[in-house]
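These are the residues of each chain, in order.
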Amino acid sequence: MEKKRFSFIHSLGFNIGFIILAVGLIPFLVCAPIALHAYKEVTIHTDAANIMAQALRYTNEIVTSGYVEGKDNKKLDHELTGVAESYGGRILIVNSSLEIVRDTFSVDEGKTAIWVNVINSMHGQSQYYYDQSSQGLIVTIPLTSSDGEVVGSLVINKSLDYVTSNYDSFLAIALIMLAVVFSITFVVAIVFSARRSHAITSVSKDLDGIIRESVLTIPEKKSFNELEKLVKKFNQVLEKLHAIDDSRQEFVSNVSHELKTPLASMKVLADSINGADEVPVEMYKEFMGDIGNEIDRETQIINDLLSLVRMDKSGASLTITAVNINELTEHILKRLQPIAEKSDIDVVFESFRPVIAEVDEVKFSLVITNLVENAIKYNNPGGWVHITLNSDHQFCYIKVEDNGLGIPEEALPHVFERFYRADKSHSREIGGTGLGLAITKSAIAMHNGDIKVHSTLGEGTVFDVRVPLNYIQKGAK
Ligand code: ADP
């Protein structure tokens, strides 16, 4: 099989590791340059403010002494040179004609300074900026006479070498810190992601065991919450699947048993006729009659099984139509009337209102037929069966009540199970397969309805059915 290149990128371990690395490094990578830039800005601003404050000490003297007009002033010369040296830079004085009248470097005197900052300063603005080429701070301060007239500009250039070298030192520290942070987050990322992905790999190995059928459940182990929950849920699903599997196996063995019983009886009957030398015709007739009954029974079981299988088929298709339940019930009762009459059972149908429900007519007929048939079968001669039909705006209600044999309390929870018979011998005698109520329950479930049973042994039984009037397909919103 071709292995996908870079498939590790999709692994959980890699992703967790990558996220930890990113979370560890991104804030650092974002904050460090911002901090360095802020340091530079703040230093420049503070330096400029200090220079401007300091310069105020000389501006007045420069203007009043006529220094700005070019008059000699040894004291000012000396002071300005001292200040310029302390700044590691240079001081220029420009007069209102933009001519440089003083330069502490004595190189540009007499030249014209057509510089934006100087021109702005002639309009009364103090300014500063960082000059990238000389790596210096240039501050320009207007020289204003006592009557408010700008007579020149003081230009101070301060070397910011120390800022650059501090900046470089900080950068070096930042890079060392970056390497440390990277190493720590890298180790944390590897350890953390390895632990997380190991937990998942271990569950995946346990699942392999389930596929090989060497284990039945995933052992629960300490891991992160979501995985623990997932394992728990998975074990619940497995438990359900095992239960379904068990009930399937039980069903298959029940089916084989039920199908074998009539065959065994037929074999016994046939053997006993074959084994006898001279068999009277009456006996032949009697035995053949019994064999016929067993065949009927076998057919009944097979028919019931087929109905059940049809109900069980997942997504079994229902042919839903609007059915008049009153007419359907009357029709079924008419069919069952002869059986009821045979046992002298009085069947009464009471309808509170006409009920039209969206049902599958064939499958829903089975519900009513099975319940009424049971009420007749498990009854005493001379007994009664009441069927009541009612509805509200949402549901159709059918109640089938009898005053027959009743069901023992301990059997009640099981009557809807396949092949379950409350009274085995009696049920067999009256031709029961133990599948009728299972079919009934499945059919009702397919219509999204439900069924309840109440019974008292020796007094009678009530089955309550409730089915929505409008069919809603399962899974539909
Ligand atoms: P069967 O084919 O045996 O009638 P069912 O699934 O229809 O199977 O019913 C299961 C069992 O429930 C029956 O064997 C019977 O013991 C009991 N039962 C069902 N309906 C009634 C009823 N109306 N009265 C008494 N017992 C009943």
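Residues numbered from 1 in each chain as written. Predicted model: local features only at pLDDT ≥ 70, side-chain atom pairs only at ≥ 80, totals over all residues. Heavy atoms only, no water.

### As for the packing of helix α1 (residues 12-64) against helix α4 (residues 161-211)
Inference 1: The N-to-C vectors of α1 and α4 enclose an angle of 165°; their axes lie 8 Å apart at closest approach. Relative to α4, the element α1 lies roughly antiparallel. Note on packing geometry: the crossing formed by α1 with α4 is right-handed.
Inference 2: Of the residues belonging to the contact of α1 with α4, the class tally is 25 nonpolar, nine polar and three charged. (Axes fitted to C-alpha atoms, helices over the stretch in contact; angles between N-to-C directions. Helix = DSSP H or I, 4+ residues; strand = E, 2+ residues; numbered from the N terminus. Parallel < 35°, antiparallel > 145°, perpendicular 65-115°, else oblique. Left-handed = near helix turned anticlockwise from the far one by under 90°. Nonpolar A, V, L, I, M, F, W, Y, C, P; charged D, E, K, R; others polar.)

### Considering the site of the ligand
Inference 1: Neighbouring the ligand are 21 residues; Asn374, Tyr378, Thr433, Gly434 and Leu437 lie closest to it.
Inference 2: In the model, an oxygen atom of the ligand is placed 2.7 Å from a nitrogen or oxygen of the Thr433 main chain.
Inference 3: Between the ligand and Gly436 there is a distance of 3.3 Å, counted from an oxygen atom to a backbone nitrogen or oxygen.
Inference 4: A total of 520 Å² of accessible area belongs to the ligand in isolation, and the protein chains cover 98% of it.
Inference 5: Looking at the shell around the ligand, the elements that each hand over two or more residues are α8 (361-377), α10 (436-446) and β12 (460-468).
Inference 6: Here the shell around the ligand is built from residues that sort into nine nonpolar, eight polar and four charged. (Near = heavy atom within 4 Å. Polar contact = N/O pair within 3.5 Å; in protein donor to acceptor, adjacent residues only side chain to side chain. Areas by Shrake-Rupley, 256 points an atom, 1.4 Å probe, with all protein chains shown as cover.)

### Quick notes on the domain arrangement of the protein
Interface size is often expressed as the accessible area that is lost when the parts come together.
Inference 1: Domain boundaries assigned for the protein yield domain 1 (12-166), domain 2 (225-308) and domain 3 (317-468).
Inference 2: One C-alpha centre belongs to domain 2, the other to domain 3; they are set 24 Å apart.
Inference 3: Residue-level contacts link 12 residues of domain 2 with 12 residues of domain 3.
Inference 4: Buried surface at the junction of domain 2 and domain 3, both sides included, amounts to about 1,100 Å², of which 64% is carbon and sulfur.
Inference 5: One can count one salt bridge joining domain 2 with domain 3.
Inference 6: The salt bridge partner of Arg421 is Glu258, with a shortest N-O separation of 2.9 Å.
Inference 7: Along the contact surface separating domain 2 from domain 3 lie two residue pairs in polar contact (both at pLDDT 80 or more).
Inference 8: Listed by contribution, the elements that provide at least two residues to the side of domain 2 that touches domain 3 are α5 (225-275) and α6 (281-312). (Domains from an automatic or database assignment. Contact = heavy atoms within 4.5 Å. Buried area = accessible area lost by both parts, 1.4 Å probe. Salt bridge = Lys/Arg side-chain N within 4 Å of Asp/Glu carboxyl O.)

### Observations concerning the sheet that holds strand β5 (residues 150-159)
Inference 1: An order of β2-β1-β5-β4-β3 is seen for the five strands of this open sheet, with the pairing classed as antiparallel. In this open sheet, the two strands that pair with only one neighbour each are β2 (100-103) and β3 (127-131). Sheet twist, expressed as the average angle between the axes of neighbouring strands with direction ignored, equals 20°.
Inference 2: Pairing between strand β1 (residues 90-95) and β5: six bridges, direction antiparallel. Each bridged residue has a counterpart across the sheet, and for Ile91 the counterpart in β5 is Ile156.
Inference 3: Packing against the sheet, α1 makes contact with β1, β3, β4 (136-144) and β5, and its axis sits at approximately 35° to β4. (Pairing = 2+ DSSP bridges.)

### Re the pattern of salt bridges
Inference 1: Summed over the entire model, instances satisfying the criterion amount to 14 salt bridges.
Inference 2: As a salt-bridge pair, Lys75 and Glu61 come within 3.2 Å of each other at their nearest N and O atoms. In this pair, Lys75 sits in helix α2 (residues 74-87) while Glu61 sits in helix α1, placing the two residues 14 residues apart along the sequence.
Inference 3: Residues Asp360 and Lys363 are paired through a salt bridge, measuring 3.7 Å at the closest nitrogen-oxygen approach. For the pair shown, Asp360 and Lys363 are each scored as buried. (Buried < 20%, exposed > 50% of the residue type's maximum accessible area, 1.4 Å probe, protein only.)

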